[in-house]
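Summary of the model geometry
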Amino acid sequence: MKTDNEKLGYEPQVLDVEAAEQEVNDISSRLLDAMNVKGRTEGSGAMIAQCEAVDPDMKNYYTVAHPWSIYDLKKGTFEEAMQNLRDELPRMGWKITRDGETKSIAKNPEIVAVDTKSHHTVTIEWAKNRSGDLKQLISIDVGSRCYRAPEGTDLSTAH
């Protein structure tokens with residue numbers, strides 16, 4: 001039987017939930033700055049989620065996710081924001097692993113990247129082809145690797 005570390009392919013860092021959430025929120029903030037556009041943002045902030053590979057019941061391990069979006073641009077364009085990310089992500093230590101179109105019918109532009117040090121991931125989609133009267137937006141989904149909660153942490157009551 002494989003150990004948790006063997007299943008994951010790495011040893012999860014022991015990290016307090018609040019610190020892990022703050023780290024992901026900080027990444028999102030830096031990504032927004034890198035876009036260099038101004039608009040309305042929407043999202044609830046980083047939150048913990050299951051580390052399904054080893055702990056679907058979320059007893060000891062967790063990941064952090066932060067889905068958010070920007071729309072109603074007041075400065076710049078969506079195209080500029082995507083190009084700025086293409087230029088800035090590598091300078092910020094991210095490796096772009098995919099830069100193309102989504103596999104959906106809309107075939108929206110999409111960038112997927114991994115932070116080479118922290119192993120956080122980001123998926124960025126410019127939803128420009130939307131049905132109905134839905135406005136264009138860029139959706140950003142930042143995610144972490146699995147963390148191990150410090151001894152005595154009750155993940156059921158954590159953020």
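Residues numbered from 1 in each chain as written. Predicted model: local features only at pLDDT ≥ 70, side-chain atom pairs only at ≥ 80, totals over all residues. Heavy atoms only, no water.

**Some words on the overall build of the protein**
A count of helices and strands for the protein gives three helices and eight strands. Counted from the first residue to the last, the protein has its helices and strands arranged as α-α-β-β-β-α-β-β-β-β-β. When its C-alpha atoms are laid out on the principal axes, the protein stretches across 50 × 30 × 30 Å. Residues counted as buried form 38% of the 159 residues belonging to the protein. Residue pairs at least 24 apart in sequence account for 60% of intrachain contacts in the protein once pairs closer than 6 positions are excluded. Measuring between centres, the 20 positive side-chain charges of the protein sit 6 Å from its 27 negative side-chain charges. (Helix = DSSP H or I, 4+ residues; strand = E, 2+ residues; numbered from the N terminus. Buried < 20%, exposed > 50% of the residue type's maximum accessible area, 1.4 Å probe, protein only. Contact = heavy atoms within 4.5 Å. Lys, Arg positive; Asp, Glu negative; His and termini not counted. Charge placed at Lys NZ, Arg CZ, Asp CG, Glu CD.)

**With respect to the pattern of salt bridges**
Scanning all chains against the criterion turns up five salt bridges. Salt-bridge contacts for Lys135 lead to Asp72; the nearest nitrogen and oxygen are separated by 3.0 Å. You can see Lys135 sitting in the loop between strand E6 (121-127) and strand E7 (137-143) and its partner Asp72 sitting in strand E3 (residues 61-75), a full 63 residues away along the chain. Two residues, Arg91 and Glu88, come together in a salt bridge whose shortest N-O distance is 2.5 Å. In this pair, Arg91 and Glu88 are both assigned in helix H3 (residues 78-91), three residues apart and thus about one turn of the helix distant. Taking the relative accessible area as the measure of exposure, Arg91 reaches 62% and is therefore exposed. Connected through salt bridges with shared partners, the residues Arg40, Asp72 and Lys135 form a single ionic network. (Salt bridge = Lys/Arg side-chain N within 4 Å of Asp/Glu carboxyl O.)

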